[in-house]
Amino acid sequence: GAARRRPGGAVQGRQRWRSDGRALQKLPVHMGLVVTEEEPSYADMASLVVWCMAVGISYVSVYDHNGIFKRNNSRLMDEILKQQQELLGLDCSKYTVEFANQDKADQVLNCQSTLKVLSPEDGKADIVKAAQNFCQLVAQQQRTYTDLDVNVLDNLLSSTNGFPDPDLVLKFGPVDSTLGFLPWHIRLTEIISLPSHLNISYEDFFSALHHYAACEQRWGK
């Protein structure tokens with residue numbers, strides 16, 4: 001609703017968000033938005049994506065454990081477009097939205113951010129596929145079993161190809177789990193839990209970023 005939009009028009013909002021991003025000690029390069037609730041809201045998720053773009057986050061992943069956003073990605077994109085125009089006043093430049101494991105690229109209006117919409121099969125199935133590919137390389141004598149390390153597996157995983165590992169995951173909902181979101185890639189990720197993505201405000205979003213900026217990297221602790 002109107003309460004979630006900052007007053008003063010798109011240009012003022014855009015400047016405010018950009019300066020909010022610059023004011024933080026550190027900004028995640030890749031932010032994961034993980035919904036564990038049963039009823040995902042397209043409008044609220046679109047707000048979160050647009051705010052990520054507005055503060056200057058380069059890579060955004062959207063995930064829900066039922067794969068609803070991925071199955072209905074065009075509906076999510078329409079909502080993101082609408083909110084970009086409302087919140088940021090953007091109607092000229094373009095950017096590409098990628099769907100993991102698909103060649104389809106949708107043109108959406110830009111803030112120099114790249115978005116991936118993921119579902120559970122992009123996590124576990126991708127690890128299985130990477131393991132099979134590695135075994136194949138061993139069978140073809142292009143690799144030996146002793147070659148398998150973190151970097152080799154990272155390179156074999158396709159769902160996050162071109163994406164850095166997430167620095168920050170915002171997890172929405174009562175479930176104390178990320179429910180299969182990129183299980184391999186989040187071993188060093190800061191996870192911040194919020195009660196719900198429904199009716200989330202910019203203030204809630206920004207305070208999570210503030211909390212992240214104040215945290216030390218935990219390196220698997």
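Above this note sits the structure.
Here the structure is a predicted model, which is why all the values come from computation and not from measurement.

Chemist: Report on the pairing of strand β2 (residues 59-64), specifying residues and quantitative values.
Modeler: For β2, a buried count of 5 out of 6 residues is recorded, marking the element as mostly surrounded by other parts of the structure. Between strand β1 (residues 30-35) and its parallel partner β2, the chain crosses via helix α2 (residues 42-55), and the hand of that crossover is right-handed. As paired strands, β2 and strand β5 (residues 114-118) are joined by 5 bridges and run parallel to one another. In the strand pairing of β5, Val60 is matched with Leu115.

Chemist: Hey, could you go over the environment of Met45 for me, with residue numbers and the actual values?
Modeler: Within the secondary structure, Met45 sits in helix α2. Sequence spacing of Met45 and Leu33 is 12 residues, and the spatial spacing of their C-alpha atoms is 8.2 Å.

Chemist: Explain the packing of α2 against helix α7 (residues 202-214) to me, using residue names and the numbers behind them.
Modeler: Direction vectors running N to C along α2 and α7 enclose 55°, while the axes themselves pass 11 Å from each other. By the criterion of interaxial angle, the relationship of α2 to α7 is oblique. Crossing hand, α2 versus α7: right-handed. Every residue of α7 that contacts α2 at Leu48, Trp51, Cys52 and Val55 is listed here: Tyr202, Phe205 and Leu209.

Chemist: Any details on the nonpolar core? Residues and values, ideally.
Modeler: Formed by 41 residues in total, the largest nonpolar core has its most connected members in Leu33, Leu170 and Phe205. When neighbours within four sequence positions are excluded, Leu33 is seen to be in contact with Met45, Leu48, Val49, Cys52, Val60, Ser61, Val62, Tyr63, Leu170 and Phe172. Counting 5 residues, the second-largest nonpolar core is a separate cluster that includes Val34, Tyr63, Leu118 and Phe181.

Chemist: Now, about the environment of His210: what can you tell me, with residues and values included?
Modeler: Positionally, His210 belongs in helix α7. Overall, His210 belongs to the partly exposed group, its relative accessible area being 47%. With 190 residues separating them in the primary sequence, His210 and Asp20 have C-alpha atoms 9.8 Å apart.

What counts as what
- Residues numbered from 1 in each chain as written.
- Predicted model: local features only at pLDDT ≥ 70, side-chain atom pairs only at ≥ 80, totals over all residues.
- Heavy atoms only, no water.
- Buried < 20%, exposed > 50% of the residue type's maximum accessible area, 1.4 Å probe, protein only.
- Helix = DSSP H or I, 4+ residues; strand = E, 2+ residues; numbered from the N terminus.
- Right-handed = clockwise from strand over helix to strand, strands pointing away.
- Pairing = 2+ DSSP bridges.
- Axes fitted to C-alpha atoms, helices over the stretch in contact; angles between N-to-C directions.
- Parallel < 35°, antiparallel > 145°, perpendicular 65-115°, else oblique.
- Left-handed = near helix turned anticlockwise from the far one by under 90°.
- Contact = heavy atoms within 4.5 Å.
- Core = buried A, V, L, I, M, F, W, Y, C linked by side-chain atoms within 4.5 Å.

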